[in-house]
Amino acid sequence: MCTALVVGNMIGSGVFLLPASLAPFGGVSMLGWLLTSCGAICLALVFARLSSILPREGGPYAYIHAGFGDFAGFWIAWGYWIALWAGNAALAVAATSYMQVFFPILGHNEPLAGAVAIGLIWIVTWINSRGARSSGVVAVVTTLLKLLPLAAVTFIGFFHFQPDNLAFNPHNKPLLSSLSATMALTLWAFLGLESASVPAGDVVEPEKTIPRATVIGTLLATVLYILSTVSLMGLMPVDVLAASQAPFADAAKLMWGDWGYWLVGFGAVVSCFGALNGWSLMQAHVPAAAAKDGLFPSRFDQRNAAGVPIFGLVLSSALVTILMAMKYAGGDSGVKIFEFIILLATATTLLPYAFCSMALIAIMLMRGKAFAPKDYIAPGFFAGIGFVYSLWALYGSGADIVMWGMLLLLLGLPIYVWQLKERHAN
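Residues numbered from 1 in each chain as written. Predicted model: local features only at pLDDT ≥ 70, side-chain atom pairs only at ≥ 80, totals over all residues. Heavy atoms only, no water.

### Thoughts on the overall build of the chain
- Each helix and strand counted, the chain has 17 helices and zero strands in total.
- What you see for the chain is a C-alpha radius of gyration of 21 Å, in line with the 22 Å of a compact globule of 426 residues.
- The C-alpha extent of the chain, read off along each of the three principal axes, is 70 × 55 × 40 Å.
- Counting only residues that meet the buried cut, the chain has 54% of its 426 residues in that class.
- If you take every contact in the chain between residues at least 6 apart in sequence, the share linking residues at least 24 apart comes to 82%. (Helix = DSSP H or I, 4+ residues; strand = E, 2+ residues; numbered from the N terminus. Rg over C-alpha atoms; globule rule 2.2 N^0.38 Å. Buried < 20%, exposed > 50% of the residue type's maximum accessible area, 1.4 Å probe, protein only. Contact = heavy atoms within 4.5 Å.)

### Some words on unusual backbone geometry
- Its identity is not glycine, yet Glu205 carries a phi of approximately 45°, on the positive side.
- If you trace the backbone, Glu205 turns up in the loop between helix 8 (175-187) and helix 9 (206-235).
- Since its relative accessible area comes to 45%, Glu205 is described here as partly exposed.

### Brief notes about the packing of aromatic side chains
- Counted under the stated rule, the structure contains 22 aromatic pairs.
- Here Phe47 and Tyr63 contribute two aromatic rings whose centre-to-centre distance is 6.3 Å and whose plane-to-plane angle is 50°, an arrangement assigned as tilted. Pair noted here: Phe47 is in helix 3 (residues 28-53) and Tyr63 is in helix 4 (residues 60-68), with a separation of 16 residues, a long-range link.
- Residue class for Phe47 comes out buried when judged on its relative accessible area of 0%.
- For Tyr63, a relative accessible area of 0% corresponds to the buried category.
- By way of ring pairs, the aromatic residues Phe71, Phe74, Trp75, Trp78, Trp81, Trp85, Phe296, Phe300, Phe311 and Tyr416 are connected into one cluster.
- Lying across the ring of Tyr261, Lys253 places its NZ or CZ 5.2 Å from the centre.
- One Lys or Arg, Lys421, reaches over the ring of Trp418 and ends 4.4 Å from the middle of that ring. (Phe/Tyr/Trp six-rings, centres within 6.5 Å; stacked < 30°, edge-to-face > 60°. Lys NZ or Arg CZ within 6 Å of the ring centre and 35° of its normal.)

### Some remarks on the pattern of salt bridges
- Taken as a whole and judged by the stated rule, the model has four salt bridges.
- Among the salt bridges present, the one from Lys253 reaches Asp258, with a minimum N-O distance of 3.7 Å.
- Salt-bridge contacts for Lys374 lead to Asp375; the nearest nitrogen and oxygen are separated by 3.8 Å.
- Residue classification places Lys374 among the exposed residues on the basis of a relative accessible area of 62%. (Salt bridge = Lys/Arg side-chain N within 4 Å of Asp/Glu carboxyl O.)

### Some words on a nonpolar patch on the surface
- Residues Met1, Val137, Val140, Val141, Leu144, Leu145, Leu148 and Phe266 make up a contiguous nonpolar surface patch of about 680 Å² in total accessible area.
- The leading source of residues in the nonpolar patch is helix 7 (residues 132-157), at six residues. (Patch = residues over 30% accessible without salt bridge, like charges linked within 9 Å, V, L, I, M, F, W, Y side chains within 5 Å. Areas by Shrake-Rupley, 256 points an atom, 1.4 Å probe, with all protein chains shown as cover.)

### Quick notes on the side chain of Asn128
- With respect to the helices and strands, the residue Asn128 is situated in helix 6 (residues 110-129).
- Given the relative accessible area of 1%, Asn128 is considered buried.
- Polar contacts involving the side chain of Asn128 include one to the main-chain carbonyl oxygen of Asn277, which spans 3.3 Å.
- Ignoring anything within four residues of it in the chain, the contact list for Asn128 reads Ser135, Asn277, Ser280, Leu281, Val308 and Leu313. (Polar contact = N/O pair within 3.5 Å; in protein donor to acceptor, adjacent residues only side chain to side chain.)

### Side note on the layout of surface pockets
- In this model, the second largest pocket occupies a volume close to 290 Å³.
- The wall of the second largest pocket is formed by 14 residues, among which Met1, Cys2, Ala132, Asp202 and Val203 lie closest to the centre.
- Breaking the lining of the second largest pocket down by element, the ones donating at least two residues are helix 1 (2-10) and helix 7.
- By residue number, the principal contributor to the lining of the second largest pocket is helix 7, which donates five residues.
- Taken together, the residues of the lining of the second largest pocket break down into nine nonpolar, three polar and two charged. (1 Å grid on protein atoms, 1.4 Å probe; cavity = no way out; pocket = protein on both sides within 12 Å on 5 of 7 lines; lining within 4 Å. Points joined across faces, edges and corners; volume = space filled by probe spheres on them. Nonpolar A, V, L, I, M, F, W, Y, C, P; charged D, E, K, R; others polar.)

Rendered as structure tokens:
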């Protein structure tokens, strides 16, 4: 279930569009995939080591709190929590968009599309309110259902492979700038690799299960990403692939006709729904872990009979609903606000990766006697690579987004001061 959570949260809506985005870069995109995969695997190893040393609920928040103290823990939990529920809005909208394959009316009836998207949010809220096992079962089922059509198109695509369609640098763009562009595109595909560490309190033998799930899940997603890009680039000419609005669906249609298009459309809807389910689980557990440590209001750790932090879950979904209403009711301005918030949320999700890379070394140093000098060699290497990878990802977000991300984090300062007042009053 933990592995399915990692794979399901990483493979959301983006993978269905990435081959088209990468097509103009040809074989250069393979170098981009390899470099970003190395960074992602190093980060997966960071989270694997952290979860074996400190198997606590809250994932990145718990590690940063242990490594850098109350303020850093609060700061990251605040930004990460906002990023989680804002990102869920994007997944619900993407799922509704893919449902147009089956219900074309959703493409030109904004109120109905909005109602369906909001309905999806509250369906996964209900699933998660029933406990971690309920959410885990949905994660396993949706991950299998999304991987089947993706894997089918990828592997059968190799039987229709046309080597002439492949070119290393089809438009002869400068190599370094092309490599930077492909890395920026592929970075987002690895968000979610930390997912298994967040609900640690509900995991059996977390010190063993979470590291295995994190590394296996990241490797599975990496293999599928790279193979699918190669397969589709060999199946379709560069210009055709680059112009495609739904590259996997178009590839399936080429090989199998209309029923293939429908199959991949179904896989895309399931993919978004599965990712939405997994990220909704996380939006409840991150603030609950902070509340347990007295850094968030205590109500965030209020749990129902199934042991779910119900207040944080419901509040987060209510905030997603407000964000969705802005998108569907605000016309062009509402859409721009929505897109901006989603971009901001994506950048803010990357910040904990940089902190966690250094938190691993900090926690090991604080437990100095438990580690010999040679024990620092491997963690130091992959923590260093993970840190550089995270900085590159933040740089790729653009100066405006990083600035707004900093302002978003600073907005949490009054909440932190209020919580300090409450703790000292008690």
